Amino acid sequence: MRIKQLYEDFVEISLETCTSPSAGTGNLARIYTFEQLKSINGNVISMAMGSGNPTNFVNFHQGDFVVDIGCGIGMDCFLASKIVGPNGFVLGIDITSQIINFAHSEMKKMNAKNLYFINGDMQLLPIKSEIVDVVMGNFSLSCLPQPESIFPEIFRVLKQGASVCISDMILNSSDQNEKKPSLIWPFSVANIFDADLYISSLKKAGFCEISIHELGTIQINQGRIQSITISGKKPIQ
Ligand SMILES: C[S@@+](CC[C@H](N)C(=O)[O-])C[C@H]1O[C@@H](n2cnc3c(N)ncnc32)[C@H](O)[C@@H]1O
């Protein structure tokens, strides 16, 4: 509940100023290509809070059903919706109702027809089993009290052979000068994984073909955080 309240307060302030903590740090220009940024409305870009870009590392196909967990304003949803085309569908899920309302109004402005946003908890996806082609999450798992608990739920909704791609912050215990992530980014105060725990949690949930695509650094407020973008596949039985 604490995370939900923090985001509700944050969104109220951000909607007034139309800036997220990532804005102005140079992260977005590093994460997204110029073409990607050019294709999205400025309001969405200024409210994007990603730590990476899962859309760069997933093989989307026309007609795919894509789910973005903790979608925020929907930056990655808008990008994915362009790739999956009119026969595909992208569903963004976020626990903060204000941000979902804002995403809806941006969706209408962009006239995006293959995209929808719902207010809900990613830990209990309101989605039937084995119907999703891609689940992505960008800087949202670290909001959960137990981020690893989400992987079985993601596994459940994915079709066999389908992919999950997650970007989030990670702990890098070797860097003594690194500030504690919770001091820099107060919304993800829960559990922050190291890269090994991501890999073992994905494996434990049943995923195969696990790949780390990117290990990077993102700048937030006054500090740096290590980030990871990692994917896995649900095996074909
Ligand atoms: C750092 S923001 C990232 C938003 C978005 N993925 C992006 O790249 O801009 C984290 C988001 O996760 C959402 N969130 C936190 N806990 C959640 C939960 N249990 N279920 C769904 N969304 C959640 C927050 O409301 C917030 O919008």
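Residues numbered from 1 in each chain as written. Predicted model: local features only at pLDDT ≥ 70, side-chain atom pairs only at ≥ 80, totals over all residues.

### Here we look at the overall build of the protein
When its secondary structure is counted, the protein shows nine helices and seven strands. Here the protein holds 237 residues, and the buried ones make up 46% of them. Put simply, of all contacts in the protein between residues at least 6 apart along the chain, 74% involve residues at least 24 apart. (Helix = DSSP H or I, 4+ residues; strand = E, 2+ residues; numbered from the N terminus. Buried ≥ 20, exposed ≤ 12 C-beta atoms within 10 Å, placed from the backbone. Contact = placed C-beta atoms within 7 Å.)

### Details of the nonpolar core
Core analysis: the largest hydrophobic core is formed by 65 residues, its most contacted members being V66, V134 and V135. Per-element tally for this core: the top contributor is strand β5 (residues 158–170), with seven residues. Not counting residues up to four positions away in its chain, the partners in contact with V134 are V58, F60, D64, V66, A162, S163 and C165. (Core = buried A, V, L, I, M, F, W, Y, C linked by C-beta atoms within 7 Å.)

### As for helix α6 (residues 97–109)
For α6, with 13 residues, the first-to-last C-alpha span of 19 Å sits near the 18 Å given by 1.5 Å per residue. What α6 keeps buried is the set I99, I100, F102, A103, E106 and M107. Projected onto a plane normal to the axis of α6, the buried residues spread over an arc of 160° and lie on a single side. Exposed positions of α6 whose direction lies more than 90 degrees from the buried face are S105, K108 and K109. Of the residues flanking the end of α6, it is N111, one or two places downstream, whose phi is positive at about 55°. (Expected span 1.5 Å × (residues − 1). Arc of directions from axis to C-beta.)

### Description of the pairing of strand β1 (residues 65–69)
With five of five residues buried, β1 is to be regarded as a mostly interior element. Across the two faces of β1 the burial is the same, with F65, V67 and I69 and V66 and D68 all buried. The sheet contact formed by β1 and strand β2 (residues 89–94) spans five bridges and is parallel. For V67, the partnering residue across the bridge sits in β2 and is L91. In this view, the connection linking β1 to its parallel neighbour β2 by way of helix α5 (residues 75–84) has right-handed handedness. Relative to strand β4 (residues 132–138), β1 runs parallel, the two being bridged by three bridges. (Pairing = 2+ DSSP bridges. Right-handed = clockwise from strand over helix to strand, strands pointing away.)

Coordinates in, geometry out; function isn't part of it.
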